[in-house]
Amino acid sequence: MVGDVDRPVATLSLMSESELQLTPFFQNWAKPQGLREACITKFVHTPDRIGLLGCTTRASRGGISIEEQHFLALLSPHLRRASLIGDLLDQGRFTTHLYRQALDHLAVPVVLTHANGAILHANAAAEQMFSVQGPILSRNGVLQAQNPVVARALLDAIASAASADASLGARGIGLPVSAQGQPPAVAYVLPLTEGTARAVFRPACAAVFISTTTSSSPLPEAVLTTLFDLTPAEARVLLRIGSGLSASKSASSLGIGENTLKTHLNRIFAKTGTRRQADLVKLVSDIGTPLAAHGP
């Protein structure tokens, strides 16, 4: 292990060939395999490790030349770089392991996903939710919301998060994922953007946090805005109509004219893919408790 880094040392530079042939190493290992000479290059020497590259020649060819030793000397720094990069990757894996251990001890369910919603890691709380079939599910390894109205919106938010924080916008901020009749649960999507500390979880593109704390549920207008890209005024109209109020009573409670309300309704029908006020009542009902809890 003595000698300088990046300096190849050939066996026949340290002893004659007759001396080499008398050694137990040559008699018991090299000669039975038809080998002649060895050359060792040390490419790493730190307090905690030594990295060596060993080469041997066949007995049928000549000794290791100066040119060949020069080639090994040129190769040595590249081996050292590869070794150091490997060390960094090991440290990264260790750091990621620590972060994931921390996630597994959180009481809040957290799921790390790929851009298409494929689950890469779920902490213990999330696995517990999967096991009881809600409010989030794992279907064929893909994260799904129990609430069918929100299921597509959740996957869209995850896909947007894979691009960048800016692409997500309002999407993924407070999606009600529980089905009708279940306790309220809200999903928050966090982009795991490259170039930030969150990138330690890559290749995961998004982290989905599930809150079951009613006080943290978003206002109903914000939920509708997120789900259907409604304006605040359109969200307020949808809440009134969805609660069962007539068009005239809804207009009166909002302080707007019926013609204005009809304009809002036409836009709401287009954005939600519905045709009648009864469809809007069902839609609001299907979204679940975060809307019903706040009322019109």
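Details of the structure are given in the entry above.
Residues numbered from 1 in each chain as written. Predicted model: local features only at pLDDT ≥ 70, side-chain atom pairs only at ≥ 80, totals over all residues. Heavy atoms only, no water.

**Brief notes about the overall build of the protein chain**
Next up, step 1: The helix and strand tally for the protein chain stands at 12 helices and 10 strands.
Next up, step 2: Counting only residues that meet the buried cut, the protein chain has 38% of its 296 residues in that class.
Next up, step 3: Considering only residue pairs separated by 6 or more positions, the protein chain has 53% of its internal contacts joining residues 24 or more positions apart.
Next up, step 4: Element-wise, carbon and sulfur atoms account for 58% of the exposed surface of the protein chain, whose accessible area totals about 16000 Å². (Helix = DSSP H or I, 4+ residues; strand = E, 2+ residues; numbered from the N terminus. Buried < 20%, exposed > 50% of the residue type's maximum accessible area, 1.4 Å probe, protein only. Contact = heavy atoms within 4.5 Å. Areas by Shrake-Rupley, 256 points an atom, 1.4 Å probe, with all protein chains shown as cover.)

**Thoughts on the environment of Gln33**
Next up, step 1: Along the chain, Gln33 turns up in the loop between helix H2 (24-30) and strand E2 (35-46).
Next up, step 2: Residue classification places Gln33 among the partly exposed residues on the basis of a relative accessible area of 40%.
Next up, step 3: With 26 residues separating them in the primary sequence, Gln33 and Ala59 have C-alpha atoms 9.0 Å apart.

**Points about the sheet that holds strand E3 (residues 49-58)**
Consider a sheet: its strands pair through backbone hydrogen bonds, and that pairing is either parallel or antiparallel.
Next up, step 1: Spatially, three strands are ordered E1-E2-E3 in an open sheet, and the strand pairing comes out antiparallel. Either end of the sheet is taken by a strand with one partner, and the two such strands are strand E1 (9-10) and E3.
Next up, step 2: As paired elements, E2 and E3 share nine bridges and run antiparallel to each other. Bridge pairing in E3 places Lys42 opposite Leu52. (Pairing = 2+ DSSP bridges.)

**So, the side chain of Glu37**
Next up, step 1: Residue placement: Glu37 occurs in strand E2.
Next up, step 2: Notably, Glu37 is buried but unbridged: the nearest opposite-charge side chain belongs to Arg36, and the N-O separation is 5.7 Å.
Next up, step 3: Not counting residues within four places of it along the chain, the set of residues in contact with Glu37 comprises Ala10, Thr11, Leu12, Cys55, Thr56, Thr57, Gly63 and Ile64. (Lys, Arg positive; Asp, Glu negative; His and termini not counted. Salt bridge = Lys/Arg side-chain N within 4 Å of Asp/Glu carboxyl O.)

**Side note on helix H8 (residues 232-242)**
Next up, step 1: Counting buried residues along H8, eight of its 11 residues qualify, which places the element largely inside the surrounding structure.
Next up, step 2: Count one or two residues on from H8 and you reach Gly244, which has phi positive near 105°.

**Side note on the state of the cysteines**
Next up, step 1: Summed over the entire model, instances satisfying the criterion amount to zero disulfides.
Next up, step 2: Not part of a disulfide, Cys55 finds its nearest cysteine sulfur in Cys39, a span of 6.5 Å. (Disulfide = S-S within 2.5 Å.)

**A short note on the packing of helix H10 (residues 258-272) against helix H11 (residues 277-287)**
Packed helices, taken two at a time, are described by the angle between their axes plus the distance between the axes.
Next up, step 1: Remark: H10 packs on H11, axes separated minimally by 11 Å, with the N-to-C direction vectors making an angle of 55°. In terms of their interaxial angle, H10 and H11 are classed as oblique. The two elements H10 and H11 cross, and the hand of that crossing is left-handed. Facing Leu265, Ile268, Phe269 and Thr272 of H10, the residues of H11 in contact are Gln277, Leu280 and Leu283. (Axes fitted to C-alpha atoms, helices over the stretch in contact; angles between N-to-C directions. Parallel < 35°, antiparallel > 145°, perpendicular 65-115°, else oblique. Left-handed = near helix turned anticlockwise from the far one by under 90°.)

Worth remembering: the numbers are spatial, not functional.
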